[in-house]
Amino acid sequence: ESLGPTITAGEILVEIMSTSVGNGFLEPMPLVGPFPSGAPAIFVDQVARLGGAAGIISAVGDDDFGRLNIERLKRDGADVSAIEVLPDAPTGSAFVRYRADGERDFVFNIARSASGQIRMTDAARALISRAGHVHVMGSAFAIPGIGRILSEAVASVKARGGTVSFDPNVRKELVAGQGEAKKRFDEILSVADLLLPSGEELSVAAGVDEEEAAVQALLSRGLSEIVLKRGALGSSFFSRNDRGDCLAFRVDELDPTGAGDCFGATYVTCRRQGRSPVESLRYANAAGARTVTRQGPMEGVSTFAELDRFVEENRLEA
Ligand code: ATP
Ligand code: MG
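Predicted model, so just to flag it, every value in this text is computed and none were measured.

**Q** Sorry, what's going on with the site of ligand 1 here?
**A** The environment of ligand 1 is made up of 21 residues, and the closest members are Ser 198, Gly 231, Gly 234, Glu 253 and Asn 285. Residue Lys 229 places a side-chain N or O atom 3.0 Å away from an oxygen atom belonging to ligand 1. The contact in question runs from an oxygen atom of ligand 1 to an N or O atom on the backbone of Gly 258, over 3.4 Å. Notes on ligand 1: free accessible area 620 Å², of which the protein chains cover 89%. Secondary-structure elements contributing two or more residues to the shell around ligand 1 are helix H8 (259-272) and helix H9 (277-292). With 4 residues, H9 is the single largest residue contributor to the shell around ligand 1. Tallied by class, residues from the shell around ligand 1 come to 8 nonpolar, 9 polar and 4 charged.

**Q** I keep staring at the nonpolar core and nothing clicks. Help me out?
**A** A general trend in soluble globular proteins is that nonpolar side chains are found buried together. In this structure, Ile 57, Val 136, Ile 146, Leu 218 and Ile 226 are the most contacted members of the largest nonpolar core, which totals 42 residues. Looking at this core, the element that brings in the most residues is helix H4 (residues 146-159), giving 6 residues. Counting residues in hydrophobic clusters, the runner-up holds 31 residues, among them Ile 42, Ala 48, Cys 246 and Met 298.

**Q** In this structure, what is going on with the sheet that holds strand E13 (residues 242-246)? I would like to understand it.
**A** Within a sheet, each strand pairs with its neighbour through backbone hydrogen bonds, oriented either parallel or antiparallel. Taken together, the 9 strands give an open sheet; going across it, the order is E5-E4-E1-E8-E9-E10-E11-E12-E13, and neighbouring strands pair in mixed fashion. Lying at the two open borders of the sheet, with one neighbouring strand each, are strand E5 (83-86) and E13. In the sheet, strand E1 (residues 6-9) pairs with strand E4 (residues 54-61) via 4 bridges, with the strands oriented parallel. Looking at E4, one finds that Ala 9 is bridged to Ile 57. The strands that helix H3 (residues 122-130) touches are E1 and E4; relative to E4, the one it contacts most, it runs at about 165°. Of the strands in this sheet, strand E11 (225-229), strand E12 (235-239) and E13 touch H9, which is tilted by about 155° from E12.

What counts, and where the lines are drawn
- Residues numbered from 1 in each chain as written.
- Chains lettered and ligands numbered in written order.
- Predicted model: local features only at pLDDT ≥ 70, side-chain atom pairs only at ≥ 80, totals over all residues.
- Heavy atoms only, no water.
- Near = heavy atom within 4 Å.
- Polar contact = N/O pair within 3.5 Å; in protein donor to acceptor, adjacent residues only side chain to side chain.
- Areas by Shrake-Rupley, 256 points an atom, 1.4 Å probe, with all protein chains shown as cover.
- Helix = DSSP H or I, 4+ residues; strand = E, 2+ residues; numbered from the N terminus.
- Nonpolar A, V, L, I, M, F, W, Y, C, P; charged D, E, K, R; others polar.
- Core = buried A, V, L, I, M, F, W, Y, C linked by side-chain atoms within 4.5 Å.
- Buried < 20%, exposed > 50% of the residue type's maximum accessible area, 1.4 Å probe, protein only.
- Pairing = 2+ DSSP bridges.
- Contact = heavy atoms within 4.5 Å.
- Axes fitted to C-alpha atoms, helices over the stretch in contact; angles between N-to-C directions.

Written out as structure tokens, the structure reads:
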């Protein structure tokens, strides 16, 4: 990590969730929250909890939802200097409710929140100038202008010999313009070192259906590593001459939100520390599994000590 912090840019939100299973929000119901959230924020918080230097370019409102997030990130050791506090916009929010089939319904306030107004500031430039790795979170592209910020960060980090990871993290509710999204997707793929797709994001990224063929197609486009997230089935990594698979740890899933972000943050942090892909995958699986046992997207972030203990306790099942 001699090259400097792992950084990202994107939304910070609070998440408020229904405590009952069902469809949507069309009648009064018990809710729990606010919990700190936003995929890029969860990612950065998890890197920081592992002791890695980490920072985020973002914006919150001058309200308790914003303060809650900043305090959590600060407490966990993340660099919050590039989070702008906007006086005239509320902090972003997401209401979420699980359906019986495991699908989720959302009501988002992101586009018109502070998160929708993230811009390049002096503090953001200063963070970029120190960074050694950029993680691009697909969900962030719903924010106008975030593409330019991330491009500048990628160019700056690459010029110093740093690295780039990309989690396409496409949520159907957040995909704006299809054609535009595809173009951006291809641009990032051409500069990324590590791709972290989950499920069908792999075949979407490759434009090829079958898994092995999709992996090969993407590796031939310049990515050096692909790590595929398979939920309760675990994960796999692929490089040009190597492959590894890791079964998931067996846990009771209480709340799957944030698993992919904590998984990705742990994999990136481990690789940046020089750990092997197999060891990194195992730690990442443990981080993802721990996350789903806690309610709240950022409540299950882990330290290395917690991951080691978890792996030890679940050794026989993995
Ligand atoms: P998200 O819903 O946050 O976008 P994702 O789709 O990006 O998640 P997942 O594959 O759901 O990513 O989860 C990431 C990793 O977390 C998995 O590869 C696995 O290691 C771990 N994980 C997720 N769900 C479970 C589970 N139910 N049991 C055990 N491990 C899990
Ligand atoms: Mg995901």
